[in-house]
There are 2 protein chains.
Amino acid sequence: MTTATYAVAGMTCGHCVSAVTAEVGKVPGVTAVDVDLSGETVTVSSEQAMDEQAVREAVEEAGYTLTGRSG
Amino acid sequence: MTTATYAVAGMTCGHCVSAVTAEVGKVPGVTAVDVDLSGETVTVSSEQAMDEQAVREAVEEAGYTLTGRSG
């Protein structure tokens, strides 16, 4: 299993956390999503390394912006 | 028809607006709900003057805090 942490802008509340978790969780291969609201990051766990573009599109679908890798 | 505007704390995004609009809109007698996110207010329209406690409980049910009348 691998994890990658991304910086995501625009998340402000628990509803935002739920929206991002749901959308990113739908991406094939993703096994877990952990959103850090105050840290403005999303950590994605997957069996294989994820294509960042797929994660980016899911974040945008939820209404937020993936601004890059974090940490 | 009467309207009353309340100060509501904790709303940060469109999801918050939707949650408050939905909950307050369920209160019997309410005919319209208008949330001003940046102004942190909720304006409630109703046929008869509303009981503030009923509005307060709906706001709390949505997860926010009615802090008083506004304007």
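It should be emphasised that the depicted structure is a prediction, and the values quoted were computed from it without experimental measurement. (Residues numbered from 1 in each chain as written. Chains lettered and ligands numbered in written order. Predicted model: local features only at pLDDT ≥ 70, side-chain atom pairs only at ≥ 80, totals over all residues. Heavy atoms only, no water.)

## Concerning the packing of helix α1 (residues 14-25) of chain B against helix α2 (residues 52-62) of chain B
Residue and element names in this part refer to chain B. Contact geometry of α1 with α2 gives a least axis separation of 8 Å together with a crossing angle of 140°. The orientation of α1 with respect to α2, classified from their angle, is oblique. You can see that α1 and α2 cross each other, and the crossing is right-handed. Two secondary-structure elements touch here, α1 through Ala19, Val20, Glu23 and Val24 and α2 through Ala58, Val59, Glu61 and Ala62. A per-class count over the contact of α1 with α2 returns 6 nonpolar, no polar and 2 charged. (Axes fitted to C-alpha atoms, helices over the stretch in contact; angles between N-to-C directions. Helix = DSSP H or I, 4+ residues; strand = E, 2+ residues; numbered from the N terminus. Parallel < 35°, antiparallel > 145°, perpendicular 65-115°, else oblique. Left-handed = near helix turned anticlockwise from the far one by under 90°. Contact = heavy atoms within 4.5 Å. Nonpolar A, V, L, I, M, F, W, Y, C, P; charged D, E, K, R; others polar.)

## Some remarks on the pattern of salt bridges
Residues and elements named next belong to chain A. This model, assessed by the stated rule, comprises 4 salt bridges over all chains. Here glutamate 23 ties to lysine 26 by a salt bridge, and the two come within 3.3 Å at their closest N and O atoms. With relative accessibility at 59%, the residue lysine 26 sits in the exposed group. (Salt bridge = Lys/Arg side-chain N within 4 Å of Asp/Glu carboxyl O. Buried < 20%, exposed > 50% of the residue type's maximum accessible area, 1.4 Å probe, protein only.)

## Considering the state of the cysteines
Applying the stated criterion to the full structure yields 0 disulfides over all chains. This cysteine, cysteine 16 of chain A, is not joined by any disulfide, and cysteine 13 of chain B carries the nearest cysteine sulfur, 3.6 Å off. Here cysteine 13 of chain B is not cross-linked by a disulfide; its sulfur's nearest cysteine counterpart is in cysteine 13 of chain A, at 3.4 Å. A relative accessible area of 10% means that cysteine 13 of chain B is categorised as buried. (Disulfide = S-S within 2.5 Å.)

## A closer look at the nonpolar core
Residues Tyr64 of chain A together with Tyr64 of chain B are the most contacted members of the largest nonpolar core, which totals 42 residues. Setting aside residues no more than four positions away along its own chain, tyrosine 64 of chain B makes contact with His15 of chain A together with Val8, Ala9, Gly10, Met11, Cys16, Ala19, Val20 and Val59 of chain B. (Core = buried A, V, L, I, M, F, W, Y, C linked by side-chain atoms within 4.5 Å.)

## Some remarks on the pairing of strand β1 (residues 2-9) of chain B
All names here are of chain B. Relative to strand β3 (residues 41-46), β1 runs antiparallel, the two sharing 6 bridges. The residue bridging tyrosine 6 from the neighbouring strand is valine 42, located in β3. Strand direction decides the pairing type here: β1 and strand β4 (residues 65-69), joined by 4 bridges, are antiparallel. By the bridge assignment for β4, valine 8 is matched with leucine 66. (Pairing = 2+ DSSP bridges.)

## Points about the interface of chain B and chain A
Each side of the interface is counted separately: chain B has 6 residues, and chain A has 6 residues. Overall, the association of chain B and chain A removes approximately 410 Å² of surface from exposure, summing both partners, and the carbon and sulfur fraction of that is 63%. The largest share of the area that chain B buries against chain A comes from Thr12, Cys13 and His15 of chain B, three residues that together contribute 80% of it. Put simply, chain B and chain A have 0 salt bridges between them. Linking chain B to chain A there are 3 residue pairs in polar contact (both at pLDDT 80 or more). The residue makeup of the side of chain B that touches chain A, split by class, is 4 nonpolar, 2 polar and no charged. (Buried area = accessible area lost by both parts, 1.4 Å probe. Polar contact = N/O pair within 3.5 Å; in protein donor to acceptor, adjacent residues only side chain to side chain.)

By themselves, these are just geometric observations and shouldn't be taken as functional.
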